[in-house]
Amino acid sequence: QKYVGNYPELVFAISTNGKLEDFNDALVREMRLRPIHVPPPTLKEKVRLWKLYIGKSGILKDLTEDQYVVLAKSMPKAAQGAAVETIPDQYLDRLRLQKHERGRKDGGGTEDNIVSDLIMAPLPTRKDVEGEITFASFLEFVKNFDYSKSVKEGDGKSQSMGFK
């Protein structure tokens, strides 16, 4: 039986770059690198990703299978699975910022003193916003999430993930 360790001249390179044209021509010439296409996750795989990352974040408990399917279907078909990992934390951050903004407005805060407001009144904690977490608001966040990092736009350029 042969092992990779028996071939010291053999080098493996793995990249999630996604675009062959971004590699140096010397690297991609014949017999050097062979591109392997990894398609976007299927609906079933997206459901599994939602279960994993919602479970890890602990933000929504006792979701039904149908709710996971709704979340998976709300993503663009070409969206990569990496987005699912970041969405629960970004959703929590959004809720915390919204709660802080409401507190600033109620307390007379202005745009001019946002930095001093953050020092005087730190962002609410996760526990502070747990009562505001609902499936409906999370689904709305997912639907409005900017998947452009994992979905190529018309010009072929990618941009950062985040809320629109």
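Keep in mind it's a predicted model, so treat the numbers as computed, not measured.

Engineer: Can you explain helix H2 (residues 43-57)? Please cite residues and give values.
Structural biologist: Helix length check: H2 (15 residues) gives 21 Å between terminal C-alpha atoms against 21 Å at 1.5 Å per residue, within 8%. Those residues of H2 not exposed but buried are Lys46, Val47, Trp50, Tyr53, Ile54 and Ser57. Down the axis of H2, the buried set is contained in an arc of 145 degrees. They therefore lie on one face. Opposite the packed face of H2, turned more than 90 degrees from it, sit the exposed residues Lys44, Arg48, Gly55 and Lys56. At the C-terminal side of H2, Gly58 shows a positive phi close to 70 degrees.

Engineer: Please provide a residue-by-residue account of the packing of helix H3 (residues 65-73) against helix H7 (residues 135-144), values included.
Structural biologist: Look at H3 against H7: their axes get within 9 Å of each other, and the N-to-C directions meet at 20 degrees. The orientation of H3 relative to H7 falls into the category roughly parallel. Considering the relative orientation of H3 and H7, their crossing is right-handed. Contacts between H3 and H7 involve Gln67, Val70 and Leu71 from the former and Phe135, Phe138, Leu139 and Val142 from the latter. A breakdown of the residues in the contact of H3 with H7 according to their chemical character gives six nonpolar, one polar and no charged.

Engineer: Tell me what's going on with the pattern of salt bridges, and back it up with residues and numbers.
Structural biologist: In the structure shown here, the tally under the stated rule is four salt bridges. Asp93 is the salt-bridge partner of Arg96, the closest N and O atoms lying 3.6 Å from each other. One end of the pair is Arg96 and the other is Asp93, both in helix H4 (residues 82-106) and three residues apart, which spans about a single turn. Residue classification places Arg96 among the partly exposed residues on the basis of a relative accessible area of 24%. As a salt-bridge pair, Arg126 and Glu130 come within 3.9 Å of each other at their nearest N and O atoms. For Glu130, a relative accessible area of 43% translates into the label partly exposed.

Engineer: Can you explain the side chain of Ser57? Please cite residues and give values.
Structural biologist: Looking at the secondary structure, you find Ser57 in helix H2. Relative accessible area serves as the criterion here: at 12%, Ser57 is assigned to the buried category. Discounting chain neighbours no more than four positions away, the residues touching Ser57 are Pro88 and Arg126.

Engineer: Please provide a residue-by-residue account of the environment of Gln67, values included.
Structural biologist: Mapped onto the elements, Gln67 comes out in helix H3. Of the residues examined, Gln67 reaches a relative accessible area of 22% and is grouped as partly exposed. When the C-alpha positions of Gln67 and Phe135 are compared, they lie 8.2 Å apart, and in sequence the two are 68 residues distant. What Gln67 contacts, discounting residues up to four positions off in sequence, is Asp62 and Phe135.

Analysis parameters
Residues numbered from 1 in each chain as written. Predicted model: local features only at pLDDT ≥ 70, side-chain atom pairs only at ≥ 80, totals over all residues. Heavy atoms only, no water. Helix = DSSP H or I, 4+ residues; strand = E, 2+ residues; numbered from the N terminus. Expected span 1.5 Å × (residues − 1). Buried < 20%, exposed > 50% of the residue type's maximum accessible area, 1.4 Å probe, protein only. Arc of directions from axis to C-beta. Axes fitted to C-alpha atoms, helices over the stretch in contact; angles between N-to-C directions. Parallel < 35°, antiparallel > 145°, perpendicular 65-115°, else oblique. Left-handed = near helix turned anticlockwise from the far one by under 90°. Contact = heavy atoms within 4.5 Å. Nonpolar A, V, L, I, M, F, W, Y, C, P; charged D, E, K, R; others polar. Salt bridge = Lys/Arg side-chain N within 4 Å of Asp/Glu carboxyl O.

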